[in-house]
Amino acid sequence: MAVAFRGGRDGVGSGLRSFFTYRIFISALFSFLFLATFSVFLNSSRHHHPPHDHTLTSSLGRTFLALQSDPLKTRLDLIHKQATDHLTLVNAYAAYARKLKLDASKQLKLFEDLAINFSDLQSKPGLKPENNGNALEEDAFRVLEKEVKDRVKTARMMIVESKESYDTQLKIQKLKDTIFAVQEQLAKAKKNGAVASLISAKSVPKSLNCLAMRLVGERINNPDKYKDAPFDSAVEDPSLYHYAIFSDNVIAVSVVVRSVVMNAEEPWKHVFHVVTDRMNLAAMKVWFKMRPLDRGAHIEIKSVEEFKFLNSSYAPVLKQLESAKLHKFYFENRAENATNIKFKNPKYLSMLNHLRFYLPEMYPKLNKILFLDDDVVVQKDVTGLWKINLDGKVNGAVETCFGSFHRYGQYLNFTHPLIKERFNPNACAWAFGMNIFDLNAWRREKCTDQYHYWQNLNEDRSLWELGTLPPGLMTFYSKTKSLDKSWHVLGLGYNPGVSMDEIKKAAVIHYNGNMKPWLDIAMNQYKSLWTKYVDNEMEFVQMCNFGL
């Protein structure tokens, strides 16, 4: 019993001693570490800082912040990044405004001021860490942070307000650039189209060339058969209805003549004066010899060269047509020769185009004559034109003006003092192509002399470009009687909008423009009005494949 008790007491005492020994050891170790740390701290403070009351607290804070990352530093970096990003955005919108030519706008000024403010903020010392790596003061940082956030908020509001309008302005600018580029392409395409159309319209089609060649061949093969017919006194009879047609196109002349005869009530009273050039004279005569006029109508065919009075000493236009200067204008492709492409039409080099101004001299025994272009079709009896009282005027014609279009100002150069003095730019223009001329009034008014006067003055093309309508408007100014529009409907060679009702009521329809009815480029809706007068029974028409 005694042994057992002693052993129990010894075991308990040994455990207690071990426990207290461990506690003493741990306490001693912490005490030693504390004293060592405190000693190091005192030595450091003694070397670097003057002694004062709050040295200990401040030094402890800085030491532990140095051992860890500064939380204000992270926020500073974020604010610096925000300021930089918004400065870039503000500068971008300011650049857009300058590109859109909004330099004087209020928004541009605001953006520029805001960009300056951001730049000033970035240059502040407080927005950058101290060079010695110490942490920022909390109060100063909060003031700086608020200022930056206010500027960022202002920038965002301005961008939201401006974004839609600026984006729209950019789209408008891009659209304007696109429109300008398309307009440039369109202008180029129109010019190329005009040249192609002119070439197509004024080149001799294969079918027309074929017809002329076959007619001339027929004349060569049968010279006795095509001798000139004896003189027909009807060509000088002033009591008959006389027509003047000047052309080198055989098929076109035949359609004009045939349409008149087929619609005339008394065709035997109608006389046609056809004038062509020397090259096409034989073909024209053979055609009307092979296909004589029906119902007793009369025809006279001559060449320009048979009118001996037409020479360069009398007709100024002949002198000009022979000049090297005019040929240079037509055939040399230089910048100083640039002009409207339609004035490069070779018909302006043909005297056939100017014969209309010499009608009294060409037909001295006649009192009235109806001038017809070769691209017209007569749909009714037109003898009523001879019965119209022209009130002493020389020319009876249909006026073409409407609104501000087709007035004298569009045809003549009113910057020239003589034109400005003599003519009214708002005077209504009229059309060549179907004109009833009183030749006696023409002679009385000396219109040919007036035409020569204006033609001589225009040798340098300072009064008008080219063509016969401008000198016609000048020569017959205040000497033209306006006719009812149903006598002469124009535009079938270029205007697809001419109504069929208007065409049906017309006595004469005119294919003025490049889309002539004998060409492949003719407008289909009007072509049949011309083709129905083509003599398809003529063997050469079939052989030359007119495609009618």
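For clarity, every value in this text was computed on a predicted model and none was experimentally measured.

1. Notes on unusual backbone geometry
Reasoning step 1: Phi is positive for His406, close to 55 degrees, though the residue is something other than glycine.
Reasoning step 2: Mapped onto the elements, His406 comes out in the loop between β6 (395-397) and α13 (417-422).
Reasoning step 3: Given a relative accessible area of 27%, His406 falls into the partly exposed group.
Reasoning step 4: Phi is positive for Lys446, close to 55 degrees, though the residue is something other than glycine.
Reasoning step 5: Along the polypeptide, Lys446 turns up in the loop between α14 (439-445) and α15 (447-457).

2. With respect to the pattern of salt bridges
Reasoning step 1: The final tally for this structure, using the stated rule, is 10 salt bridges.
Reasoning step 2: With a shortest N-O distance of 3.3 Å, Lys269 and Glu266 are connected by a salt bridge.
Reasoning step 3: Taking relative accessible area as the criterion, Lys269 reaches 29% and is therefore assigned partly exposed.
Reasoning step 4: Among the ionic pairs, Lys516 bridges to Asp375, the shortest N-O distance being 2.5 Å. With Lys516 in the loop between β10 (508-510) and α18 (524-531) and Asp375 in the loop between β4 (368-372) and β5 (376-378), this residue pair connects regions lying 141 residues apart in the sequence.
Reasoning step 5: Residue Lys516 is classed as buried on the basis of its relative accessible area of 9%.
Reasoning step 6: Several salt bridges converge on common partners, so that one network encompasses Arg291, Asp535 and Glu537.

3. As for the nonpolar core
Reasoning step 1: Core analysis: the largest hydrophobic core is formed by 63 residues, its most contacted members being Leu372 and Val382.
Reasoning step 2: With nine residues, the single largest contributor to this core is helix α7 (residues 250-263).
Reasoning step 3: Once residues lying within four places of it in the same chain are set aside, the contact partners of Leu372 are Tyr243, Ala244, Ile245, Val256, Val260, Val378, Gly433 and Met434.
Reasoning step 4: Counting 46 residues, the second largest nonpolar core, distinct from the first, contains Phe371, Leu418, Leu463 and Met474.

4. Here we look at the state of the cysteines
Each disulfide is one covalent bond, formed between the sulfur atoms of two cysteines.
Reasoning step 1: Per the counting criterion, the structure on display carries two disulfides.
Reasoning step 2: Each sulfur in the disulfide pair Cys210 and Cys544 lies 2.1 Å from the other. One quick way to see it: the torsion about the S-S bond of Cys210 and Cys544 is about -75 degrees, and its sign makes the bridge left-handed. With Cys210 in helix α6 (residues 206-221) and Cys544 in the segment after α19 (539-543), this pair connects stretches of sequence that are 334 residues apart.
Reasoning step 3: Residue Cys210 is classed as buried on the basis of its relative accessible area of 18%.
Reasoning step 4: Covalently, Cys401 is tied to Cys428 through a disulfide, its sulfur atoms 1.8 Å apart. Taking the torsion about the S-S bond as the criterion, the Cys401 to Cys428 disulfide, at about -105 degrees, is left-handed. In this pair, Cys401 is assigned in the loop between β6 and α13 and Cys428 in the loop between α13 and β7 (434-438), connecting sequence segments 27 residues apart. Just as Cys401 is buried, Cys428 falls in that class too.
Reasoning step 5: For the protein chain, the bonded cysteines connect in the pattern 1-4, 2-3 when numbered consecutively along the sequence.

5. Brief notes about the confidence of the model for the protein chain
Reasoning step 1: Considering every residue of the protein chain, the mean pLDDT works out to 81; 72% of them sit at 70 or more.
Reasoning step 2: Counting interchain partners and residues more than four positions distant, the pLDDT-below-50 stretch residues 1-9 has zero contacts.
Reasoning step 3: Every residue in residues 45-68 scores below 50 in pLDDT, and together they form seven contacts with partners more than four places removed in sequence or on other chains.

6. Topic: the sheet that holds β10
Reasoning step 1: Spatial strand order, β5-β10-β9: three strands in an open sheet with mixed pairing. In the strand order of this sheet, the two ends are held by β5 and β9 (488-489), each with one partner.

7. What about the environment of Glu502?
Reasoning step 1: Residue placement: Glu502 occurs in helix α17 (residues 500-505).
Reasoning step 2: Classification of Glu502 by relative accessible area gives partly exposed; the value is 41%.
Reasoning step 3: Once the C-alpha coordinates of Glu502 and Lys485 are considered, the two residues, 17 residues apart in sequence, prove to be 9.4 Å apart.

8. As for the environment of Asn367
Reasoning step 1: Its place among the elements puts Asn367 in the loop between α11 (359-362) and β4.
Reasoning step 2: Asn367 sits in the partly exposed class, given a relative accessible area of 35%.
Reasoning step 3: For the pair Asn367 and Asn440, spaced 73 residues apart in the sequence, the C-alpha separation amounts to 5.8 Å.
Reasoning step 4: When near neighbours in sequence (up to four residues on either side) are disregarded, Asn367 contacts Pro238, Phe437, Asp438, Leu439 and Asn440.

9. Considering helix α8 (residues 281-290)
Reasoning step 1: Within the sequence span of α8, burial applies to Leu281, Ala283, Met284, Val286, Trp287 and Phe288.
Reasoning step 2: Buried residues in α8 make contact with α6, α7, β2 (270-276), β3 (298-303) and α19.

10. Things to note about the pairing of β3
Reasoning step 1: Summarising the sheet, β2 and β3 pair through six bridges and their orientation is parallel. Looking across to β3, one finds that Phe272 is bridged to Ile299.
Reasoning step 2: With α8 bridging β2 and its parallel neighbour β3, the resulting β-α-β unit is right-handed.

11. A few points about the side chain of Thr383
Reasoning step 1: Among the secondary structure elements, Thr383 is positioned in the loop between β5 and α12 (384-387).
Reasoning step 2: Looking at Thr383, its side chain comes within polar contact range of the side chain of Asp381, at 2.4 Å.
Reasoning step 3: When near neighbours in sequence (up to four residues on either side) are disregarded, Thr383 contacts Tyr241 and His270.

12. Quick word on the packing of aromatic side chains
Reasoning step 1: Applying the stated criterion across every chain yields a total of 25 aromatic pairs.
Reasoning step 2: Consider the rings of Trp442 and Phe476, whose centres lie 5.1 Å apart with planes at 75 degrees: the pair is edge-to-face. Of the two residues, Trp442 is situated in helix α14 and Phe476 in the loop between α16 (469-475) and β8 (480-482); the sequence distance between them amounts to 34 residues. Assigned by exposure class, Trp442 and Phe476 land together as buried.
Reasoning step 3: Just above the ring of Phe432 sits the side chain of Arg356; from NZ or CZ to the centre is 4.8 Å.

13. Description of the sheet that holds β2
Reasoning step 1: What the seven strands build is an open sheet, ordered β3-β2-β1-β4-β7-β6-β8; its pairing is mixed. Taken across any chain shown, the strands that pair with only one partner, and hence form the sheet edges, are β3 and β8. The average undirected angle you get between the axes of adjacent strands in this sheet is 25 degrees.
Reasoning step 2: As paired elements, β6 and β8 share three bridges and run parallel to each other. Each residue of the ladder has a partner; that of Gly396, found in β8, is Lys481.
Reasoning step 3: Packing against the sheet, α7 makes contact with β1 (241-246), β2 and β4, and its axis sits at approximately 175 degrees to β2.
Reasoning step 4: The strands touched by α8 within the sheet are β2 and β3, with β3 carrying the most contacts at an inclination of about 165 degrees.

Rules used throughout
- Residues numbered from 1 in each chain as written.
- Predicted model: local features only at pLDDT ≥ 70, side-chain atom pairs only at ≥ 80, totals over all residues.
- Heavy atoms only, no water.
- Helix = DSSP H or I, 4+ residues; strand = E, 2+ residues; numbered from the N terminus.
- Buried < 20%, exposed > 50% of the residue type's maximum accessible area, 1.4 Å probe, protein only.
- Salt bridge = Lys/Arg side-chain N within 4 Å of Asp/Glu carboxyl O.
- Core = buried A, V, L, I, M, F, W, Y, C linked by side-chain atoms within 4.5 Å.
- Contact = heavy atoms within 4.5 Å.
- Disulfide = S-S within 2.5 Å.
- pLDDT = per-residue confidence, 0-100.
- Pairing = 2+ DSSP bridges.
- Right-handed = clockwise from strand over helix to strand, strands pointing away.
- Polar contact = N/O pair within 3.5 Å; in protein donor to acceptor, adjacent residues only side chain to side chain.
- Phe/Tyr/Trp six-rings, centres within 6.5 Å; stacked < 30°, edge-to-face > 60°.
- Lys NZ or Arg CZ within 6 Å of the ring centre and 35° of its normal.
- Axes fitted to C-alpha atoms, helices over the stretch in contact; angles between N-to-C directions.

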